[in-house]
Amino acid sequence: MRSEDCTLEASHDLSQPKIAASDDDRGMAKPASAVYQERETVSRSLAEPALLNAIPSPKPFLDVLSGQRQPVPPLWMMRQAGRYLPEYRELRAKAGGFLDLCFTPEFAAEVTLQPIRRFNFDAAIIFSDILVIPYALGRAVRFEVGEGPRLDPLDTPEKIETLASEADFAKLEPVYEALRRVRAVLDPKIALIGFCGAPWTVATYMVAGQGTPDQAPARMMAYQNPDAFSNIIDALVANSIEYLLGQLRAGADCLQIFDTWAGVLPPREFERWSIEPTHRIVAGVRAKVPGAKIIGFPRGAGALLPAYVEATNVDAVSIDWAAEPSLIRERVQSKVAVQGNLDPLVLIAGGAALDRAVDDVLANFAMGRLIFNLGHGIQPETPIAHVEQMVKRVRAYRG
Ligand code: CP3
């Protein structure tokens, strides 16, 4: 084993005894203004860097991943750093391009912390994007305002042959630096999540060169030229493992693999292009960091979720809002933790519909291991007051 690997394992010693967070620590029954208290904590931490990470600290979020249900489910939101926040929009305008925002550690660290300051979430997710891997593999990646990502399409087997097999990890160094910066100031009770896209989902953008409503170009490539398509998948598997290990080394506590477009695949293809590559990533990361905690998000997998959990060895699955509760409880939550699954649209709607939907998620899943989240990313038009309403309601839960 290389010495570098030893260091990595030592810094992620997951055999530490877990100390359950007390209800007081979790900020239960706080006044309404208490969701903002993190602003103070973060600035205090900045002044006292030497005290940080000195002792292993309880993180309710990681406790759920390790098998301990929490009386108040830990809470965060996918895409929690983003356009619904005025402070994000301000920094985004200052940064110039979206990738400039991702690759300027000072800015990326700052936007990572913005939602934590406002809502005191139990987890921060590093601000980056799943398309930084194609970028590091030498593909041109641009984010057009109002249009989403644009890449040079890999739409023929001949073009796929030109794909580099190894990413230029120097290009991803700013992401690691942003993680180190967040790690240094983050409240020790809050977990830091690193992430990558699942190979299938990243490949849908690489083949089509952009987002598509039905991912038809990648599905077609996988049917017509499976060998060429597997070359893309294999490159993504190998480089995603390295990228995730780099994020752990830089201070991430756990990892999430986003497979946003898993749900368009028929069962046989789901097995081959979603489950199997995700399993290889999980195994590859754990070969170096045996206790690494990993959340999978095969959005839209529905009845295929039990097979996904069984075969990938993830510690938790993120479920979308259409998931059927009894199937999830009996065949998924009985084995791993569940994360989700509020409909992002009901967060826009607010009011009594939002209260009811929050209560439904809690009633469906909070008796088992639950990380409260949305069923997909928060939408830019979501009112901040509705996020506050959701946070208060989840934290008032007594289970
Ligand atoms: O969750 C977080 O707060 C961390 C940051 C994060 C972003 N993208 C920032 C982002 C994460 C985890 C992602 C993941 C991601 N990126 C996924 C998987 C999860 C999902 O939501 O489905 C996918 C498919 C992408 C690819 C991507 N990036 C698309 C399709 C787009 C354009 C569409 C859109 O939502 O604007 C992006 C851009 C992007 N990534 C933005 C943000 C905040 C918006 C860009 C902007 O500010 O202009």
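Residues numbered from 1 in each chain as written. Predicted model: local features only at pLDDT ≥ 70, side-chain atom pairs only at ≥ 80, totals over all residues.

**Student:** What should I look at first to understand the site of the ligand in this one?
**Tutor:** Lining the immediate environment of the ligand, one finds 23 residues, of which A81, G148, F258, T260 and G377 sit closest. Broken down by secondary-structure element, the contributors of at least two residues to the shell around the ligand are β3 (148-151) and β4 (191-197). Partitioning the shell around the ligand into residue classes produces 11 nonpolar, 8 polar and 4 charged. (Near = placed C-beta within 6 Å. Helix = DSSP H or I, 4+ residues; strand = E, 2+ residues; numbered from the N terminus. Nonpolar A, V, L, I, M, F, W, Y, C, P; charged D, E, K, R; others polar.)

**Student:** Which parts of the structure should I look at to understand unusual backbone geometry?
**Tutor:** The phi angle of most residues is negative, glycine excepted, and most peptide bonds adopt the trans form. Omega for the peptide link from G340 to N341 comes to -15°, which places this bond in the cis form. Among the secondary structure elements, N341 is positioned in strand β8 (residues 337-342). With a phi close to 50°, N120 is a non-glycine residue in the positive phi region. You can see N120 is positioned in the loop between α6 (105-119) and β1 (123-125). In this structure, N313 takes a positive phi of about 70° despite not being glycine. Counting through the fold element by element, N313 comes out in the loop between α14 (305-312) and β7 (316-318).

**Student:** Looking at this structure, how should I read the sheet that holds β1?
**Tutor:** Where strands meet in a sheet, backbone hydrogen bonds hold them as pairs that are either parallel or antiparallel. In space, the 7 strands of this open sheet follow the order β1-β4-β5-β6-β7-β8-β9, with parallel pairing throughout. Only two strands of the sheet have a single partner each, and these edge strands are β1 and β9 (370-374). Direction aside, the axes of adjacent strands within the sheet are offset by 25° on average. Pairing of strand β6 (residues 294-298) with β7, which is carried by 2 bridges, proceeds in the parallel orientation. The residue bridging I295 from the neighbouring strand is A316, located in β7. (Pairing = 2+ DSSP bridges. Axes fitted to C-alpha atoms, helices over the stretch in contact; angles between N-to-C directions.)

**Student:** It is not clear to me how the packing of α6 against helix α9 (residues 173-185) should be interpreted in this structure. Could you clarify?
**Tutor:** In a packed pair of helices, the relevant descriptors are the angle between the two axes and the axis-to-axis distance. One can describe the packing of α6 onto α9 by two numbers: an axis separation of 8 Å at closest approach and a directional angle of 50°. Relative to α9, the element α6 is oriented oblique. Between α6 and α9 lies a crossing whose hand is right-handed. The segment α6 lies against α9, with P105, A108, A109, T112 and L113 engaging P174, E177, A178, R181 and V182. Here the contact of α6 with α9 is built from residues that sort into 7 nonpolar, 1 polar and 2 charged. (Parallel < 35°, antiparallel > 145°, perpendicular 65-115°, else oblique. Left-handed = near helix turned anticlockwise from the far one by under 90°. Contact = placed C-beta atoms within 7 Å.)

**Student:** Can you help me understand the pairing of β4 in this one?
**Tutor:** Note on strand geometry: in a regular strand, side chains alternate between the two faces of the sheet. By the criterion of burial, β4 is predominantly enclosed, with 7 of the 7 residues buried. Of the two faces of β4, the one carrying A191, I193, F195 and G197 and the one carrying L192, G194 and C196 are both buried. Pairing between β1 and β4: 3 bridges, direction parallel. For A123, the partnering residue across the bridge sits in β4 and is A191. By the bridge criterion, 5 bridges tie β4 to strand β5 (residues 254-259) in an arrangement that is parallel. Bridged to C196 within β5 is I257. (Buried ≥ 20, exposed ≤ 12 C-beta atoms within 10 Å, placed from the backbone.)

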